[in-house]
Amino acid sequence: MFKRIKATETPRVSFSFEGQPIEASTGDTVASALMFSGQTHFRNTPISQSERGPFCMMGVCFECLVEIDGIPNRQACMIPVREGMVVRRQKGAIGVETE
């Protein structure tokens, strides 16, 4: 279980993950908020559908990709939570649009 080193009194925000409400502290990233709530499965790999979750927590590994407010390929470890955001697991590869 992911735990805070020191409890702080910060304002709380609510968002949803896979349709379930999650409460987080202002300033948490999506990845840390999900891990604090006990979530470890953020995405599925494109070929084998293996479950993946955060690894580096600093934007290098791309294991924490999720869909946020309908936008795929978001790095959960780099995005701060905000009130009302909708987060979903990313299932497989999501293409990148080109013009």
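Higher on the page you've got the structure.
Since the structure is predicted, the reported quantities are computational estimates derived from the model, not experimental observations. Position numbers for residues start from 1 in each chain and track the written sequence from start to end. Given that the model is predicted, a residue must reach a pLDDT of at least 70 before its local features are reported, and side-chain atom pairs must reach 80 or more before they are shown or counted; all residues, however, enter totals for whole chains, interfaces and linings. To get the side-chain values, take all heavy atoms of the structure and skip hydrogens and water.

## Re the nonpolar core
Remark: nonpolar core denotes a set of buried residues (Ala, Val, Leu, Ile, Met, Phe, Trp, Tyr, Cys) joined through side-chain atoms within 4.5 Å. Buried residues are those whose accessible area, probed at 1.4 Å on protein chains only, stays under 20% of the maximum for their type, while exposed residues exceed 50% and partly exposed ones sit between those limits. Ranked by internal contacts, the top residues of the largest apolar core, which has 20 residues, are Phe-15, Val-30, Leu-34, Phe-42, Val-81, Met-85 and Val-87. Where helices and strands are cited, they refer to DSSP runs of H or I of at least four residues and of E of at least two residues respectively, numbered from the N terminus. For this core, the elements supplying multiple residues, two or more each, are strand E1 (12-17), strand E2 (20-25), helix H1 (30-36) and strand E5 (65-68). Per element, the largest residue contribution to this core is five residues, and it comes from H1. Each residue touching Phe-15, except ones within four places of it in the same chain, is listed here: Gln-20, Pro-21, Ile-22, Ala-24, Ala-33, Leu-34, Val-81, Arg-82, Gly-84, Met-85 and Val-87. In what follows, residue pairs with any heavy atoms lying within 4.5 Å of each other are defined as contacts.

## With respect to the pattern of salt bridges
Salt bridges are defined by distance alone: a side-chain nitrogen of Lys or Arg within 4 Å of a carboxyl oxygen of Asp or Glu. Under the definition given, this model contains five salt bridges. Put simply, Glu-23 and Arg-12 hold a salt bridge, and the shortest N to O gap is 3.1 Å. Taken together, the positions of Glu-23 in strand E2 and Arg-12 in strand E1 put the pair eleven residues apart, joining distant regions of the chain. Glu-63 is the partner of Arg-52 in a salt bridge, and the nearest nitrogen-oxygen pair spans 3.2 Å. Of this pair, Arg-52 sits in strand E4 (residues 51-52) while Glu-63 is found in the loop between E4 and E5, placing the two residues eleven residues apart along the sequence. The exposure class of Arg-52 is partly exposed, given its relative accessible area of 32%. A single network of salt bridges, built from pairs that share partners, joins Arg-43, Arg-52 and Glu-63.

Purely geometric stuff here, so don't read any function into it on its own.
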